Amino acid sequence: MRRPGRLGEVLAILSPLVASAVAIGSARMLVDYPQFIPGILTKHQVLFLSRWFANEWNWLWITLAFCGASVAARMIGTALGRPRASARIGIGWANAWWLLPVAVQCLSLLALASETNLVPVIVLVVPAAWILGVAGWLAGHWQVAVPEALTDRPKLSFGIVAIAVLVYVGLFSTLSILQYRALHVPHGDTGMYEEHLWNTLQGKGFRSQLDDGRLFLGEHIQFVHLVLLPVYWLAPSLETLNVLQSLALGIGAIPVYWVGRRLGLSGRAAGTLAVAYLLYFPLQYLNLEASWKTFRPTTFGIPLVLFALAALESHRLWLMIALLGLALTAKEEYALVAAALGVYLSCRRGRGPRGRLEIPIGIGLFLASLLFLWLTLSVLIPYFRAGAAPHYTPYFKGLGESTSEQIRTVLTQPLLVLRRVTSLDDWQFLLWMLLPLGFVPLTSPGRFLVAAPIFGYLMLGDLESLTQPWFHFHAPLVPLLWWATVGGVVNLRCCRVPEHLARWICCLALLTGVAYGRSPLSVAFWDPARAMPRRFDPPLVLFEPRGAYWKDLYVPGERSRAFEHAFAHIEPDERVAATDYVRSRFTHHRAAHDYPTLRGHVTIDDIDVIVLDKTEGWWGRGDENPDRELLQVMRDQSVPGEGTIGVRGRPFRIVHHDPFFLVVRRDRTVNGERH
């Protein structure tokens, strides 16, 4: 017991200087080998760092910063009641974490020098080592500065979790609303869900105009957002749905806390994990996707599954089944979650009368979930699609042309499946999902294997975005991984104090959020180099819906103000065809259609007004667009806001034309027509 203490004393004296030297050396190595830092720093930032580190005086500031952080943590800790010897030892071990990134980078340089083909692996490992090391350093200083006795109050811990939930909900609700008001939210896969609710209230059925006139159930058996109708009826807007989604995702922190307490963690450890859940960057991308979508009903399955898992750990099995049944309405893929949980229930050894019920309930849950999935893929969706296969069948075309053929391939060709789930992209996906959790879910193998079917079908797909946490496909993984994380912290109690491990996970979630996340804590949020791409298409300057820089994405600009003038020319009883990023603004009109692609159930005679967003460069304006006269008027800045043009054989009159928008209305006075 005395040797670690003496070693800690020595480390406490030398570690600030050693840590600063290690940090400087590691940073210089990263600057010299920028291929090790993909996705974290831009080329502009790497150039800035290389110039910054060329000045030796800046090394002194880094050394002083490390020494100052260690001294400050020790002073705060001792002032709050921590023994001085304990504080010194804690600081020593905290600074020792810096040895991890430099060791990994030295090994990576040796691998490069040996000319082995390990560069792709190095690119994954080096940033992960940096994040793991810095998180350990932060967690160690946190432990020293905040004595455990100060926060060892369950009510205080739950209060901190509640405040964190409110901050999360308020922040992401505000960002999604600002993004909507800046005209940076598409109708496809976001605004269309509001159209479902609006059309339902208006008696038009559970559909949007993107569904080719049929019910939305031909796309997914997904109708959980109908539960939001009472609130939406009071405030019918996409902004309302964005706030409710942020609330649902934020509330997920509460069952994370409950699961921790039920499994025996202290209020402090459970509360720290609940806060880490809110910092988890794959969760944040479900609020604000990289593709600028801000609402998807599948996200409502996350709190439902988390509450179901909390009910499972409390042995309230019937409540768990009811919550899983509700989760199935968020998207059919949650049937895989329920089926895997059924297997887990059947295999774990429950105690008491309730424990003996787990085997039959687990078997029944497994069979019922598979039956639901089969009915969805083979009967329900084809029925609502007039016999066609689900629209996502081509996502897995490497396994076969039909759903049945794809399932047969998975069951009969294990080597093919193994090759498809062990590619470098798949390993990178695992790293992105598990690094913020410190790989702790792996120490609870039973719980982690419940996520295996979701990981499996995502990795088997051909669509690149299936294995990228910047979109929405990973949503069912989030509750399962956090459940396994809490279980892993409990399992590691024999070799690590749970409170220390929870702090480390929280710091990991924070740092990965800084490197990859979407919140104001992230690099991308403040970095002008992450601005939306723009290109010159004479005489227009077009933007593409990508980027995360706050001034571009969340601040309404001249384009938003110009749209208010264009919008004033359109009456509520008119049928509008508009480009994607303004089309959601016409959901409450008589009808809102897509432009330039008119769906099969729509003709030009069903359109009263066409609205073109001239500077949004995503919609088709190439040779495939038949409206050449309309496109010519759009490009000609000298054309006045009046006159008549032909669009697909019908006369339209220009009613508004400015540098951002072109609005044309069907001229019913031609050929004896009347509006």
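Coordinates for the structure precede this section.
Let us now look at the overall build of the protein. Helix and strand counts for the protein come out as 29 helices and eight strands. Per-residue burial over the protein gives 56% buried out of 675 residues. Within the protein, residue pairs in contact and separated by at least 24 positions form 70% of the contacts whose partners lie at least 6 positions apart. Here the protein displays about 29,300 Å² of accessible surface, and carbon together with sulfur accounts for 65% of that area.

Attention now goes to the sheet that holds strand E4 (residues 591-594). Read from one edge of the open sheet, six strands run E4-E3-E5-E8-E7-E6, paired in mixed fashion. Of all the strands in the sheet, just E4 and strand E6 (644-647) have a single pairing partner and so form its edges. Across the sheet, the mean angle from the axis of one strand to that of its neighbour is 30°, orientation sign disregarded. Sheet strands touched by helix H29 (residues 628-635): strand E5 (609-613), E6, strand E7 (650-657) and strand E8 (661-666). Its angle to E6, the strand with the most contacts, is close to 135°.

Across the two faces of strand E3 (residues 575-578) the burial is the same, with Arg575 and Ala577 and Val576 and Ala578 all buried. Pairing analysis gives four bridges linking E3 to E4, with the strands arranged parallel. When the bridges of E4 are listed, alanine 578 appears paired with aspartate 594. Summarising the sheet, E3 and E5 pair through three bridges and their orientation is parallel. When the bridges of E5 are listed, alanine 577 appears paired with isoleucine 610.

Right, let's talk about the nonpolar core for a bit. Counting residues in each nonpolar core, the largest one holds 152 residues, and the members touching the most others are Tyr277, Phe455 and Trp482. For this core, the leading source of residues is helix H6 (residues 119-145), giving twelve residues. Apart from residues lying up to four places away in sequence, phenylalanine 455 is in contact with Phe429, Leu430, Met433, Phe448, Leu477 and Leu481. Within the second largest apolar cluster, 21 residues are counted, among which are Val602, Ile604, Ile645 and Val647.

End to end, helix H24 (residues 498-516) covers 26 Å across 19 residues, agreeing with the expected 27 Å (1.5 Å per residue, within 8%). Across the 19 residues that make up H24, a large majority, 17, are buried.

The next thing to look at is a nonpolar patch on the surface. Together, Leu371, Trp374, Leu375, Val379 and Leu380 make up a nonpolar patch on the protein surface, roughly 430 Å² of accessible area in all. Residue placement: tryptophan 374 occurs in helix H17 (residues 352-384).

The next point concerns the packing of aromatic side chains. Summed over all chains, the structure comprises 33 aromatic pairs. Centre to centre, the rings of tryptophan 292 and phenylalanine 543 are 6.3 Å apart; their planes meet at 25°, and the pair counts as stacked. Remark: phenylalanine 543 occurs in strand E2 (residues 540-543) and tryptophan 292 occurs in the loop between helix H13 (281-287) and helix H14 (301-313); sequence separation between them is 251 residues. Like tryptophan 292, the residue phenylalanine 543 is buried in the burial classification. Following the ring pairs from residue to residue traces out a cluster consisting of Tyr193, Phe206, Phe216, Phe295 and Phe300. Seen from the ring of tryptophan 619, arginine 621 lies directly overhead, with NZ or CZ sitting 4.3 Å from the centre.

Now for the pairing of E6. Residues of E6 alternate between two faces, with Ile645 and Val647 buried on one and Thr644 and Gly646 left unburied on the opposite face. Judged from the four bridges that link them, E6 and E7 form a sheet pairing that is antiparallel. Residue pairing in the sheet places glycine 646 in a bridge with proline 651 of E7. What sits between the antiparallel neighbours E6 and E7 is a turn of two residues, in which arginine 648 has the positive phi angle 55°.

With respect to the helices and strands, glycine 362 occurs in helix H17. Residues glycine 362 and arginine 348, spaced 14 residues apart in sequence, show a C-alpha to C-alpha distance of 9.8 Å. Beyond its immediate stretch of four places on either side in the chain, glycine 362 contacts Gly342, Val343, Leu345 and Ser346.

Between two packed helices, what matters for the description is the angle formed by their axes and the separation of those axes. In the contact formed by helix H20 (residues 424-434) and helix H22 (residues 452-460), the axes pass within 10 Å of each other and the chain directions differ by 140°. The pairing of H20 with H22 is recorded here as oblique in orientation. For the pair H20 and H22, the crossing hand works out as right-handed. For the pair H20 and H22, contact is made by Asp426, Phe429, Leu430 and Met433 and by Phe455, Leu458 and Met459, respectively. When the residues that make up the contact of H20 with H22 are grouped by side-chain class, the tally is six nonpolar, no polar and one charged.

Cut-offs used in this document
- Just so you know, the residues in each chain are numbered from 1, in the order the chain's sequence is written.
- Where local features are concerned, this predicted model is filtered to residues with pLDDT of at least 70; where side-chain atom pairs are given and counted, the filter is 80 or more; whole-chain, interface and lining totals use all residues.
- Excluding hydrogens and water, the side-chain values take into account all heavy atoms of the structure.
- Only DSSP runs of H or I covering at least 4 residues are called helices, and only runs of E covering at least 2 are called strands; the numbering of each starts at the N terminus.
- Residue exposure (1.4 Å probe, protein chains only): buried if accessible area is under 20% of the type maximum, exposed if over 50%, otherwise partly exposed.
- Every residue pair with non-hydrogen atoms within 4.5 Å of one another is taken to be in contact.
- Using a 1.4 Å probe, accessible areas were evaluated by the Shrake-Rupley method; residue-level cover was limited to the displayed protein chains.
- Each pair of strands is called paired provided DSSP finds at least two bridges between the two strands.
- Angles here are taken between N-to-C directions and fall from 0 to 180 degrees, while the axes themselves are lines fitted to C-alpha atoms, restricted in helices to the stretch in contact.
- Each nonpolar core is a collection of buried residues, namely Ala, Val, Leu, Ile, Met, Phe, Trp, Tyr and Cys, held together in the definition by side-chain atoms within 4.5 Å.
- A helix is expected to span 1.5 Å for every residue after the first.
- Patch membership needs two things, relative accessible area over 30% and no salt bridge, and members are linked within 9 Å if like-charged or within 5 Å if nonpolar (Val, Leu, Ile, Met, Phe, Trp, Tyr).
- A side-chain nitrogen of Lys or Arg and a carboxyl oxygen of Asp or Glu constitute a salt bridge if their distance falls within 4 Å.
- Under the pairing criterion, centres of Phe, Tyr and Trp rings, with the six-membered ring standing for Trp, must be within 6.5 Å; the plane angle then separates stacked pairs below 30 degrees from edge-to-face pairs above 60, leaving the rest tilted.
- Criterion for a charge above a ring: Arg CZ or Lys NZ at most 6 Å from the ring centre, at most 35 degrees from the ring normal.
- Note on terminology: angles under 35 degrees are roughly parallel, angles over 145 are roughly antiparallel, angles of 65 to 115 are roughly perpendicular, and the others are oblique.
- Crossing handedness is defined as follows: a turn of the near helix away from the far one that is anticlockwise and smaller than a right angle gives a left-handed crossing, while the clockwise case is right-handed.
- Residues are grouped as follows: Ala, Val, Leu, Ile, Met, Phe, Trp, Tyr, Cys and Pro are nonpolar; Asp, Glu, Lys and Arg are charged; all remaining types, including Gly, are polar.

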